[in-house]
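# A structural walkthrough
Below are the chains, spelled out letter by letter.
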Protein chains: 2
Amino acid sequence: MAKVKDSNTEEQILDAAKNVFQTKGMDGARMQEIADVAGINKAMLHYYYKSKQLLFEAVFKNAFSLLAPQLNKVLNDDSSIEDKVKNFTSNYISFIIKHPYLPNFIIQELNRNPDFIKTIQENNTFLNIEKFKQQVALEVSQGILKPTKGDQLFINILALNIFPFVAKPLIKAFTKEDDKGFKALMEQRKTEVSEFIINSIKQH
Amino acid sequence: MAKVKDSNTEEQILDAAKNVFQTKGMDGARMQEIADVAGINKAMLHYYYKSKQLLFEAVFKNAFSLLAPQLNKVLNDDSSIEDKVKNFTSNYISFIIKHPYLPNFIIQELNRNPDFIKTIQENNTFLNIEKFKQQVALEVSQGILKPTKGDQLFINILALNIFPFVAKPLIKAFTKEDDKGFKALMEQRKTEVSEFIINSIKQH
DNA sequence: AATTAGTTTAACCATTTGGTTAACAAAGAT
DNA sequence: ATCTTTGTTAACCAAATGGTTAAACTAATT
């Protein structure tokens, strides 16, 4: 066989590619920069991943497979809507603070190439809102929730949790906060957002 | 002077540039494609706008100047919070249905180059949340609203209104709607969103 | 020691891309 | 009528970019 793969080059490449693609996007990323960040020769990128497109897809799928289980919790979990909202909001915001470029990367690239989501859907059977809608309808009929449309509620949950990170520069400009202040606002949202949602939909 | 400017070339260029930049972004846009869309020679782009960067900035500022007055209404209008929320939600969603690429374009490019917002802020004195925060505090003290933080409320209003358009491919995937179904969901939100917000914050 | 097969590199290549140049055309100024 | 200014085009250019090649290197196998 060959050289001891003590430093897994393939992983280093994927890691460097993740950094560059997630900050610059497919169009803004340069193969040379990825090679530089990985500390290797540009030809190696093509040795392990045939083309820029394939390397990008590896990064994208990797990123999406990190996000999907988070969203899945809201859709296919057995707890009550109220508990789901509380847990998801707190967990998701913690998650994104650890992966700040992730939501914007995914949204940006899905907009650039909307067909891309088809490939994703084949691998992820759970991207389905049906169970969640049924649960909302049930809790409404039980008098736990006010009349509420499941799909709109789901959009609202995503919006309130994801948007602030996607629109970070805009929010920083309006609120005149620096990075520290922005982070504080986001920490506050871990409880604020679920209260906001529950306040609106819970029957009392 | 020169040739009859019966068809204002400069405007045609800006219009073509708007189309291409807003769908492909700065990095994905090609000067040749803009020229083709405008139906002119590539050299003309550089005759009227010195460089790709300057043409891009013209497009961006133009786009932002369209969006800013919409946001300004929420911040510096004299009606009650409840009326603001109702009017803004309905108006904003109508506005975006007319300019579907706008929010994503602005958010994407601000993330690519966060310093860009400084240039914007110099021209727009009104990007300031202070008045809104004071109004919320006042209505809370008057017992009209439940205890509510102005900055978080503003983030929530933006999130609920803007996010669905930014994350359109994701939402279409989850809800399994086509373009028509998506538009119907958005039309529904013109009233749903403001009810959702008012439900949550109004004292009763 | 020689073979073998995976790994790595430097140099190279074709194409794309933003930008420039020089010649030309039309209309107003002199 | 001629000069000048503005608008327009085709051809061109240098740099950047994704990708390739062929040779060199490394370590386990025979």
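Residues numbered from 1 in each chain as written. Chains lettered and ligands numbered in written order. Predicted model: local features only at pLDDT ≥ 70, side-chain atom pairs only at ≥ 80, totals over all residues. Heavy atoms only, no water.

The number of helices and strands found in chain A is 11 helices and 0 strands. For chain A, the sequential pattern of α-helices and β-strands runs α-α-α-α-α-α-α-α-α-α-α. With the C-alpha coordinates of chain A rotated into their principal frame, the extents come out at 65 × 40 × 30 Å. Classification of the 204 residues of chain A by burial places 49% in the buried group. Intrachain contacts of chain A at a sequence separation of at least 6 include 69% that bridge at least 24 residues. For chain A, the exposed surface amounts to about 9,800 Å²; the carbon and sulfur share of it is 50%. (Helix = DSSP H or I, 4+ residues; strand = E, 2+ residues; numbered from the N terminus. Buried < 20%, exposed > 50% of the residue type's maximum accessible area, 1.4 Å probe, protein only. Contact = heavy atoms within 4.5 Å. Areas by Shrake-Rupley, 256 points an atom, 1.4 Å probe, with all protein chains shown as cover.)

Here we take up the domain arrangement of chain A. Residue and element names in this part refer to chain A. Structurally, chain A comprises domain 1 (7-50) and domain 2 (61-201). Inter-centroid distance (C-alpha atoms) of domain 1 to domain 2 is 30 Å. Counting residues at the interface gives 8 residues for domain 1, matched by 8 residues for domain 2. Contact between domain 1 and domain 2 buries roughly 620 Å² in total, counting both sides, with carbon and sulfur atoms accounting for 58%. When the area that domain 1 buries against domain 2 is broken down by residue, the three leading residues are Gln22, Thr23 and Met26, summing to 61%. Our enumeration of links across domain 1 and domain 2 arrives at 1 salt bridge. Arg112 is paired through a salt bridge with Asp27; the nearest N and O atoms lie 3.9 Å apart. Counting the contacts that link domain 1 with domain 2 gives 1 residue pair in polar contact (both at pLDDT 80 or more). The class makeup of the residues in the side of domain 1 that touches domain 2 is 3 nonpolar, 3 polar and 2 charged. (Domains from an automatic or database assignment. Buried area = accessible area lost by both parts, 1.4 Å probe. Salt bridge = Lys/Arg side-chain N within 4 Å of Asp/Glu carboxyl O. Polar contact = N/O pair within 3.5 Å; in protein donor to acceptor, adjacent residues only side chain to side chain. Nonpolar A, V, L, I, M, F, W, Y, C, P; charged D, E, K, R; others polar.)

What follows concerns the pattern of salt bridges. Oppositely charged side chains can form a pair if their charged atoms are brought close together. Scanning the model with the defined rule gives 24 salt bridges over all chains in all. Residues Glu192 of chain A and Lys149 of chain B are paired through a salt bridge, measuring 2.6 Å at the closest nitrogen-oxygen approach. Of the two residues, Glu192 of chain A sits in helix 11 (residues 179-201) while Lys149 of chain B sits in the loop between helix 8 (130-141) and helix 9 (150-166), which places them in two different chains. Taking the relative accessible area as the measure of exposure, Lys149 of chain B reaches 36% and is therefore partly exposed. Among the salt bridges present, the one from Lys172 of chain B reaches Asp179 of chain B, with a minimum N-O distance of 3.3 Å.

Bringing the nonpolar core into the picture now. Membership of the largest hydrophobic core comes to 138 residues, with the highest contact counts inside it found for Phe21 and Phe132 of chain A together with Phe21 and Phe132 of chain B. Discounting chain neighbours no more than four positions away, the residues touching Phe132 of chain B are Val74, Leu75, Ile81, Lys84, Gly150, Leu153, Phe154 and Ile157 of chain B. (Core = buried A, V, L, I, M, F, W, Y, C linked by side-chain atoms within 4.5 Å.)

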